[in-house]
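Coordinates in review
What follows is each chain in one-letter form.
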Amino acid sequence: MRREKKAVIIHVIGQNEKNIPELLSRRDFSTLPPDKGIMRIDIITVHPELIKSPFEHSILKRAIAKGIVEVNLVNLRDYAFNKHKSVDDYAFGGGAGMVMMIEPIANCIEDLKSKVTYDEVIYMSPDGELLDQPMANTLSLKKNLILLCGHYKGVDERVREHFITREISIGNYVLSGGELAAAVVCDSIIRLIPGVLSDETSALTDSFQDNLLAPPVYSRPAEFRGWKVPEILMSGHEEKIRQWRFEESVKRTKERRPNMQSPD
Ligand code: SAH
């Protein structure tokens, strides 16, 4: 007998049940554009524990606590239908490595979709579109996303053909599972949502926005072991500092990312 479909949201990360009402009352959408409510990201994984930690600290934790984003870890094993809760099986045609079966994934995605309308159903995959800043910018404007993490040899190809709307790679190398990649994608998009970073402009002055790398930054002390901070930064002359930073950005971009299209 197939298991009953059950409630899938195993854990709203960073929110422990006791303080949910308090967190809800503290939600502040005043910094969000009027057309933008909470963003919801559902991550389908066989190892929820593997991906919890990035959401329990620092900026992502605060974004969740503020109610700007909701991240749900969905345990794929809850949709496994045999008593061993297996989600993988041997590959047709033979060869080393297990393949994640279509059925639990189909059940899971369809269950989520019966409750929420998603903008994208994303599969983390080394052969996907390479994640970059423009892609993160685009995804940060979405409202509801599913991220599917693969394992072993990956997922049955029919999942990709019939359920997935977008495939993302975080680089040309192979990881053991999609969890770390999904965490990278989430971090890159959540920090862009208005209200997440305390200084609203700061995400926009980071590298890759405007096709420029960020300029060097310094903090106290002004001199350490004889190594001095550039004078101009202590001049208090805003316009000159802006100009210096721009020139350093251009220089750095030419040196380190010569193929990145420069604005000049
Ligand atoms: N056999 C596959 C690799 C599977 S790796 C191949 O050769 O292409 C197992 C899982 O890890 C994948 O299903 C995917 O979800 C994840 N993964 C591995 N490398 C990744 C990367 N660079 N970007 C995103 N996800 C990745």
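Residues numbered from 1 in each chain as written. Predicted model: local features only at pLDDT ≥ 70, side-chain atom pairs only at ≥ 80, totals over all residues.

Concerning the pairing of strand E3 (residues 69–75)
Burial within E3 is extensive, with five of its seven residues counted as buried. Pairing geometry for strand E2 (residues 39–45) and E3, over seven bridges, is parallel. Its bridge partner lying in E3, Thr45 is registered against Asn75. (Buried ≥ 20, exposed ≤ 12 C-beta atoms within 10 Å, placed from the backbone. Helix = DSSP H or I, 4+ residues; strand = E, 2+ residues; numbered from the N terminus. Pairing = 2+ DSSP bridges.)

Brief notes about the environment of Phe55
When you line up the elements, Phe55 lands in the loop between helix H2 (48–52) and helix H3 (58–65). Distance in space between the C-alpha atoms of Phe55 and Ala183 is 8.3 Å, their sequence separation being 128 residues.

As for the confidence of the model for the protein
Model confidence for the protein is summarised by a mean pLDDT of 86, while 83% of its residues fall at 70 or above. Contacts of residues 1–36 to residues separated by more than four positions or lying in other chains number 44 contacts, the stretch itself having pLDDT below 50. (pLDDT = per-residue confidence, 0-100. Contact = placed C-beta atoms within 7 Å.)

Observations regarding the site of the ligand
The immediate surroundings of the ligand are formed by 18 residues, with Met124, Gly150, Gly154, Gly178 and Ala181 found nearest. Among the elements that take part in the shell around the ligand, strand E6 (residues 120–130) stands out by supplying four residues, more than any other. Split into classes, the residues belonging to the shell around the ligand amount to eight nonpolar, eight polar and two charged. (Near = placed C-beta within 6 Å. Nonpolar A, V, L, I, M, F, W, Y, C, P; charged D, E, K, R; others polar.)

A look at H3
Along H3, the residues that are buried comprise Leu60, Ala63 and Ile64. Buried residues in H3, looked at end-on, bunch into an arc of 95°, giving them a common side. Lining the buried residues of H3 we find E3 and helix H7 (179–190). Two residues or fewer past H3, Gly67 is found with a positive phi of approximately 80°. (Arc of directions from axis to C-beta.)

Describing H7
Each full turn of the α-helix corresponds to 3.6 residues, which orients residues three or four apart in the same direction. For H7, built from twelve residues, the straight-helix expectation of 16 Å at 1.5 Å per residue is met to within 8% by its first-to-last C-alpha distance of 16 Å. Counting buried residues along H7, nine of its twelve residues qualify, which places the element largely inside the surrounding structure. (Expected span 1.5 Å × (residues − 1).)

Description of the pairing of strand E7 (residues 144–148)
Most of E7 is tucked away: four of the five residues are buried. Relative to E7, E2 is paired through five bridges, and the arrangement is parallel. From the neighbouring strand, Arg40 faces E7, where its bridge partner is Asn144. In this region the chain leaves E6, passes through helix H5 (residues 133–140) and returns to the parallel neighbour E7; the handedness of that crossover is right-handed. (Right-handed = clockwise from strand over helix to strand, strands pointing away.)

Thoughts on the nonpolar core
Judged by nonpolar contacts, the single largest core of 49 residues is most densely connected at Ile43, Val69, Ile122, Met124, Leu147, Leu148 and Ala182. No other element matches H7, which puts seven residues into this core. (Core = buried A, V, L, I, M, F, W, Y, C linked by C-beta atoms within 7 Å.)

Structural notes on unusual backbone geometry
Look at the link from Arg220 to Pro221: it is a cis peptide, with omega at 0°. Here Pro221 shows up in the loop between H7 and strand E9 (223–224). Positioned with a positive phi, Ser58 is a non-glycine residue whose angle comes to about 55°. Considering the arrangement of structural elements, one finds Ser58 in helix H3. Classification of Ser58 by C-beta neighbours within 10 Å gives exposed; the count is 10. Despite not being glycine, Arg225 has its phi angle at roughly 50°, a positive value.

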